[in-house]
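Residue strings, one per chain:
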Amino acid sequence: MKGTRRLAIAAALALLTVLLAVAAACGGSEEAAPPAAEPPAEPAPAEPPPPAESEPAAESEPAETAGGSGLGSEFDVASAGDVNLKLWWLGDLEAPGIEAWMDQMIQDFQTEYPNVTIEATTYDTNTWIQTQQTACQSKTGADLWYNWSGTWSLELAWKGCTVPNEEVLAPADIEANANVQETIWDGKGWVLPLYRFVYPIVVNLDLIEQAGLDPNTPPATWEEWTAALAEIKAAGITPIALGLKDGFGGEIAAAGQLEKQWVNQPDDIKQLVIDGDFSTDPGWNAWLEKMFELQPYFNDDANSLTFAEGLALWQNGETAMVFGAPGVQSVIKAAQDAGVNVGLMRMPPFDDGEWAESLVQTGQGFQVTQWSENKEVAGAFMAFLQEPENAAALYEATGNFPATSNWDPASASSPTDQQMLEWLGEKGDAYWAANYTPVDLDVNGTFVVFQKMMAGELADAAAAAQVYQDVIEKWREANPGTVENFQSWLGS
Amino acid sequence: MPRIPHPAHRDFMRLRIQPWLFCAPLLVGVALVFLWPLVSLFRYSFQRVGSGYIASEFVGFDNFRFIYKDPLFWKAIANNGTLLLCVPILIALSTILATLLFDRVRGWRAYRTFVFLPYIVSIPVVGIVFGYLFQKNGLVNSALGSIGITGPDWLGSSSWAIWTIMAVIVWKELGFGVMVFLARLISVPEDLFEAARIDGAGWWSRLRHVVLPQLAPAILFYAIVETITMLSWVFAYIYVMTAGGPGNSTVVSEYYIYQQTFQNTVIGIGAAAAVTLLAFVSVLILARIWLTRRVEALGV
């Protein structure tokens, strides 16, 4: 009896061993790959090699033709055979109205090229990063996907999951889109922006007037601005709407308005990430001090509201101002349609960085994946989206400014849009500062700092700056390869 | 001439080996579903995980060292520890409510339904509803305000948020305990209660000397299940109600794993935290098995 039990146990153990061996073998593909050099200085030449440090994979080799690259708008899509293109994106979650526009674009493209079928799948913003990471891990999924600029898209480029614009687009397509600064790395662009988000401060001028202020004279200095906020508050009106529960309100206030003020160029932020000290950096501390100065002027329930719920306070006429966020044009239009007198302003400067007075902008667009077997067609579709009539239709559908120079800014239909475009061209470009920092600095830095400030749990700017420093030290330790990637990103 | 197997050998094959062979496909399936992810988890916990194109790198115990010196990880564990306070509260409330329902108070069937209802509502729905109710200017504080009490920022203050979540968890999980205890009480021979009544035992005496001893196995089962829940099954409450905030004050170990793995994409560190959590929970499961055997051995 004992013998048979032993045998049964032995059989079970043998089965387990076999399964473990199978599991190890199946999961061992990563180890089986050639040893990884430190990306991106010498990235792993696994198959296919990461694009930036190695020759493009054979299937994605740009096909040179006379007079052009043969890519993007120059690619002969009709000759590509039957193609099923998978497009993953966030649709209306990012830009209300864009899904209807994209449906039309897909229909038009498929009509022009009956050999192509495009399947667009919409994902949720909250699961977007893991969706992309999982696809990258398994080398399957979309042919092209939506992405934000900066680290969001470059993280995937550094992991070898996407190909640069230069491998899928004609030089003319790339030249027609000047908004690629945020994703230039290794001399190449890694996202082709489709539209730009801009970040003004949106003002309910009726409430400004109600507070006894002149709605036609926005404050020009920091002192004037805080004095105006105090007067608005004294009139019983909450000056600025903020929702921090999901963290995004803090990011929008920081990256859209405050962080940029000390910045001269993107490398200032990258260098701080690589080896700077957030706790002692004067520029970083300066904006945090201003954040504390603004604290009394936010709605007192900011921590228990999501960003959207905070925005709703402004939309319901309960606050005088709100920091502009993605989709600001549609928010403005809805308010105007409801009879609100809407004005715009820029955060008055308090520091002397070259970005201080500029309106922050950031480009969103598409990347083509490394594993796609239809890179050229994906590139052609990206170029198609940027054609003049399609860019104009995008503006009509969403109110967002198309990133391509194929779109004529003079066609902007509302005074607020014209105002924003004027500001964009006036003081030079300023970008979304959080695009040059790791996600961790957002989630465990900015989200936390704003929430703690509103809860009265941070003593001052120095304590807030220390939170950032603690986060970045942990991040550097956990991500030595990415620190090197940031290093190689300097000067791009 | 063909060799005829010995009858004993035939029996052995039929009785001992054959069942395993029949079960083998299912066992393989189950092992692949459960064992493979576990093996991968352990493997990742010792790696700096790459991508489909960048090879992973073996880093020994670095990931574990990282999390053990990360104050946020310990904060997360401490929050799980705080949530463990739900367990005695749940046991006490479940015992009282189950006893009252067992006494068949007027309308007990309706009460039983009401008590159990929260348990079948999905956690995200509960989280969203209570998220609204507990806003600083939400319904709860409006109600308190109407009687002259200024309510706190239930979910927006670091000192209140974890306790508010605890209250919601207790509200949601209570129904399960009541049902488990009630089912146990119904299975107890009526003679015991009858004898206690004849002996003049009051409600409290019956609770202490009859109900509680009879409930012991159910209490033990419920305590262990809820303990495991508080350690590794509260992510949805946190994700929906506070997203770990304000200021990371409600981050629990599951949320920490989520942050590291999916937000910061340091999969190895997330895996190391998951292995640590798994170890904690495994110890509790072993404790449960040991305690159950002890209780059975004592003949309770």
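**Some thoughts on helix 5 (residues 151-158) of chain A**
Residues and elements named next belong to chain A. Judged by how many residues are buried, helix 5 sits mostly within the fold: eight of eight residues are covered. Those residues of helix 5 that sit buried are T151, W152, S153, L154, E155, L156, A157 and W158. The first or second residue beyond helix 5 is G160, which carries a positive phi of 80°.

**Considerations on the environment of A:A434**
On the secondary structure map, A:A434 appears in the loop between strand 14 (430-431) and helix 17 (439-454). Excluding anything up to four places from it in sequence, A:A434 contacts A:T151, A:W152, A:E251, A:A255, A:E259 and A:D442.

**Digging into the environment of B:P246**
Following the sequence through the fold, B:P246 ends up in the loop between helix 11 (235-241) and helix 12 (253-263). Remark: the alpha-carbon pair of B:P246 and B:A161, spanning 85 residues in sequence, is separated by 7.7 Å.

**Some details on the confidence of the model for chain A**
Residue and element names in this part refer to chain A. The predicted model of chain A averages 88 in pLDDT, with 86% of residues at 70 or higher. Within the model, pLDDT remains below 50 along residues 6-11, and this stretch shows three contacts once partners closer than five positions in the same chain are excluded. Segment residues 13-67: pLDDT under 50, and 103 contacts once partners within four positions in sequence are set aside and those in other chains are kept.

**Side note on the packing of aromatic side chains**
Counted by the stated rule, this structure contains 61 aromatic pairs over all chains. Here B:F181 and B:Y222 contribute two aromatic rings whose centre-to-centre distance is 5.4 Å and whose plane-to-plane angle is 80°, an arrangement assigned as edge-to-face. Separated by 41 residues along the polypeptide, B:F181 in helix 8 (residues 158-187) and B:Y222 in helix 10 (residues 203-232) bring together distant segments of the chain. Comparing B:F181 with B:Y222 shows no difference in burial state: the two are buried. Members of the aromatic cluster, each reached through a chain of ring pairs, are A:W158, A:W185, A:W190, A:W355, A:Y431, A:Y436, A:W475, A:F486 and A:W489.

**As for unusual backbone geometry**
The residue after B:G245, namely B:P246, is reached through a cis peptide bond having omega -5°. Phi is positive for A:D186, close to 60°, though the residue is something other than glycine. On the secondary structure map, A:D186 appears in the loop between strand 5 (184-185) and strand 6 (188-189). On the basis of relative accessible area, A:D186 is assigned to the partly exposed category, the value being 39%.

**Re the sheet that holds strand 8 (residues 201-204) of chain A**
Sheet strands line up and pair through hydrogen bonds in the backbone, either parallel or antiparallel. Residues and elements named next belong to chain A. Sheet architecture is open: four strands sit in the order 9-10-8-11, paired in mixed fashion. The outermost strands of the open sheet, each flanked by one partner alone, are strand 9 (238-241) and strand 11 (342-345). Each neighbouring strand pair of the sheet contributes to a mean axis angle of 25°, computed without reference to strand direction. Sheet analysis places strand 9 next to strand 10 (residues 319-323), joined by three bridges and oriented parallel. Paired with T238 across the two strands is T319, which belongs to strand 10. Most of the contacts of helix 13 (residues 328-337) go to strand 11, to which it runs at about 150°, and overall it touches strand 8 and strand 11.

**Observations regarding the state of the cysteines**
Residue and element names in this part refer to chain A. Per the counting criterion, the structure on display carries one disulfide over all chains. With a sulfur-sulfur separation of 1.7 Å, C136 is cross-linked through a disulfide to C161. Here the disulfide of C136 and C161 is left-handed, its torsion about the S-S bond being about -45°. In this pair, C136 sits in helix 4 (residues 128-138) while C161 sits in the loop between helix 5 and strand 4 (162-163), placing the two residues 25 residues apart along the sequence. Residues C136 and C161 agree in their burial class; the two are buried.

**Some remarks on a nonpolar patch on the surface**
Residues and elements named next belong to chain B. There is a patch of nonpolar side chains on the surface, built from I96, L100, V105, Y111, F114, L117, I120, W203 and W204 and spanning about 900 Å² of accessible area. Those elements that provide at least two residues to the nonpolar patch are helix 4 (86-102), helix 5 (108-120) and helix 10. On the secondary structure map, I96 appears in helix 4.

**A closer look at helix 5 of chain B**
All names here are of chain B. Under the 1.5 Å per step criterion, the end-to-end length of helix 5 is 19 Å for 13 residues, consistent within 8% with the ideal 18 Å. Within helix 5, the full set of buried residues consists of W108, V115 and P118. Buried residues of helix 5 fall within an arc of 95° about the axis and therefore sit on the same side. Turned more than 90 degrees from where helix 5 packs its buried face, R109 and I120 sit exposed. The secondary structure elements touched by the buried residues of helix 5 are helix 4 and helix 8.

**Overview of the packing of helix 9 (residues 248-258) of chain A against helix 17 of chain A**
Residues and elements named next belong to chain A. The contact between helix 9 and helix 17 brings their axes to 8 Å, and the two run at 95°. On the basis of their axis angle, the class for helix 9 and helix 17 is roughly perpendicular. Contacts between helix 9 and helix 17 involve F248, G250, E251, A253, A254 and L258 from the former and D442, T446, F447 and F450 from the latter. By residue class, the composition of the contact of helix 9 with helix 17 is six nonpolar, two polar and two charged.

**What about the environment of B:V121?**
Assignment of secondary structure puts B:V121 in the loop between helix 5 and helix 6 (123-133). Separated by 51 residues in the primary sequence, B:V121 and B:K172 have C-alpha atoms spaced 8.1 Å apart.

**Some thoughts on the nonpolar core**
Among the nonpolar cores identified, the biggest contains 131 residues, and A:W287, A:M321 and A:F381 are the most heavily contacted of them. In terms of residue count, the dominant contributor to this core is helix 17 of chain A (nine residues). Excluding its chain neighbours within four sequence positions, the residues that come into contact with A:F381 are A:L85, A:L87, A:M102, A:M105, A:I106, A:F109, A:I118 and A:L144. Ranked by size, the runner-up nonpolar core spans 68 residues in total, among them B:L72, B:L215, B:A273 and B:V275.

**Structural notes on the side chain of B:T261**
Residues and elements named next belong to chain B. Within the secondary structure layout, T261 lies in helix 12. Only 2.7 Å separates the side chain of T261 from the backbone oxygen of I257, close enough to count as a polar contact. With sequence-adjacent residues up to four places away left out, T261 is seen in contact with V266, I267 and G270.

**A few points about the pairing of strand 12 (residues 360-369) of chain A**
Residues and elements named next belong to chain A. Most of strand 12 sits out of view: 10 of its 10 residues are buried. Looking at chain direction, strand 3 (residues 144-148) and strand 12 are connected through five bridges and run antiparallel. Within strand 12, the position partnered with N147 by the bridge is G365. The pairing of strand 4 with strand 12 spans two bridges and is classified as antiparallel. Following the sheet pairing, V163 is matched in strand 12 by V368.

**Thoughts on the pattern of salt bridges**
Residue and element names in this part refer to chain A. This structure, assessed with the given rule, holds 12 salt bridges over all chains. When the shortest N-O distance is used, the salt bridge between D337 and K333 registers 3.2 Å. Taken together, the residues span about one helical turn, with D337 and K333 both in helix 13 at a distance of four residues. Relative accessible area serves as the criterion here: at 58%, D337 is assigned to the exposed category. As a salt-bridge pair, R346 and E426 come within 3.1 Å of each other at their nearest N and O atoms. With a gap of 80 residues between them, R346 in the loop between strand 11 and strand 12 and E426 in helix 16 (residues 415-426) connect regions that are remote in the sequence.

Basis of the calculations
Residues numbered from 1 in each chain as written. Chains lettered and ligands numbered in written order. Predicted model: local features only at pLDDT ≥ 70, side-chain atom pairs only at ≥ 80, totals over all residues. Heavy atoms only, no water. Buried < 20%, exposed > 50% of the residue type's maximum accessible area, 1.4 Å probe, protein only. Helix = DSSP H or I, 4+ residues; strand = E, 2+ residues; numbered from the N terminus. Contact = heavy atoms within 4.5 Å. pLDDT = per-residue confidence, 0-100. Phe/Tyr/Trp six-rings, centres within 6.5 Å; stacked < 30°, edge-to-face > 60°. Pairing = 2+ DSSP bridges. Axes fitted to C-alpha atoms, helices over the stretch in contact; angles between N-to-C directions. Disulfide = S-S within 2.5 Å. Patch = residues over 30% accessible without salt bridge, like charges linked within 9 Å, V, L, I, M, F, W, Y side chains within 5 Å. Areas by Shrake-Rupley, 256 points an atom, 1.4 Å probe, with all protein chains shown as cover. Salt bridge = Lys/Arg side-chain N within 4 Å of Asp/Glu carboxyl O. Expected span 1.5 Å × (residues − 1). Arc of directions from axis to C-beta. Parallel < 35°, antiparallel > 145°, perpendicular 65-115°, else oblique. Nonpolar A, V, L, I, M, F, W, Y, C, P; charged D, E, K, R; others polar. Core = buried A, V, L, I, M, F, W, Y, C linked by side-chain atoms within 4.5 Å. Polar contact = N/O pair within 3.5 Å; in protein donor to acceptor, adjacent residues only side chain to side chain.

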